[in-house]
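Structure at a glance
Single-letter residue listing:
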Amino acid sequence: QVQLVESGGALVQAGGSLRLSCAASRSIFTGNAMAWYRQAPGKQRELVARITTGGNTIYADSVKGRFALSRDNAKNTVYLQMNSLKPEDTAVYYCKAEVSSDNYWGQGTQVTVSS
């Protein structure tokens with residue numbers, strides 16, 4: 001069964017930190033790139049960060065230097081460490097697995113940053 005389960009979202013004050021986790025079933029994690037997206041109310045879903053199987057990462061300009069994406073291949077899990085959070089980081093954060101021509105999405109986790 002294909003499964004992506006995000007966790008770690010919370011309400012945090014500006015300047016604070018959170019770590020999001022995305023646990024994936026082995027069938028979609030192994031050998032595939034993983035990514036985090038976010039969607040704020042009234043806005044389109046946007047890429048936050050992406051990591052390849054080899055650990056190469058890319059980040060949206062808005063989060064560079066503040067967020068760090070990593071993967072633990074033994075645990076089939078990716079982590080998004082978010083530091084120096086800003087109110088504009090408020091959104092539902094979604095994990096995505098890129099499997100060949102298919103994409104699998106998690107259910108999302110809410111991150112709210114208060115000013």
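Now for a look at the structure at hand. (Residues numbered from 1 in each chain as written. Predicted model: local features only at pLDDT ≥ 70, side-chain atom pairs only at ≥ 80, totals over all residues. Heavy atoms only, no water.)

Judged by which residues are buried, strand β11 (residues 109-114) turns out to be one-sided: T109, V111 and V113 face inward and are buried, whereas Q110, T112 and S114, on the alternate face, are not. Two strands pair when backbone bridges link them, and strand β2 (residues 11-13) and β11 are joined in this way by three bridges, in the parallel orientation. Bridged to Q13 within β11 is S114. (Buried < 20%, exposed > 50% of the residue type's maximum accessible area, 1.4 Å probe, protein only. Helix = DSSP H or I, 4+ residues; strand = E, 2+ residues; numbered from the N terminus. Pairing = 2+ DSSP bridges.)

Turning next to the side chain of R38. Assignment of secondary structure puts R38 in strand β4 (residues 33-39). Side chain to side chain, R38 and E46 meet in a polar contact 2.7 Å long. One polar contact links R38 to D89, side chain to side chain, over a distance of 2.9 Å. Non-local contacts of R38, meaning those with residues more than four positions away in its chain, are made with Q44, R45, E46, V48, S62, V63, F67, E88, D89, A91, V92 and Y93. (Polar contact = N/O pair within 3.5 Å; in protein donor to acceptor, adjacent residues only side chain to side chain. Contact = heavy atoms within 4.5 Å.)

It is worth spelling out the environment of Y94 at this point. Mapped onto the elements, Y94 comes out in strand β9 (residues 91-99). Looking at Y94, the relative accessible area reads 15%, which means it is buried. Measuring from C-alpha to C-alpha, the distance between Y94 and S62 comes to 17 Å, with 32 residues separating the pair along the chain. Beyond its immediate sequence surroundings of up to four residues, Y94 is in contact with E6, A35, W36, Y37, Q39, R45, W105, G106, Q107 and G108.

This next bit is on the environment of K43. Secondary-structure assignment places K43 in the loop between β4 and β5 (46-51). Placed 48 residues apart in sequence, K43 and A91 show a C-alpha to C-alpha distance of 9.5 Å.

Counted according to the given criterion, the structure contains two aromatic pairs. Relative to W105, the ring of Y94 lies with its centre 6.5 Å away and its plane at 85°, an arrangement referred to as edge-to-face. Taken as a pair, Y94 in strand β9 and W105 in strand β10 (residues 102-105) lie far apart in primary sequence, eleven residues in all. Residue W105 is classed as partly exposed on the basis of its relative accessible area, which comes to 36%. (Phe/Tyr/Trp six-rings, centres within 6.5 Å; stacked < 30°, edge-to-face > 60°.)

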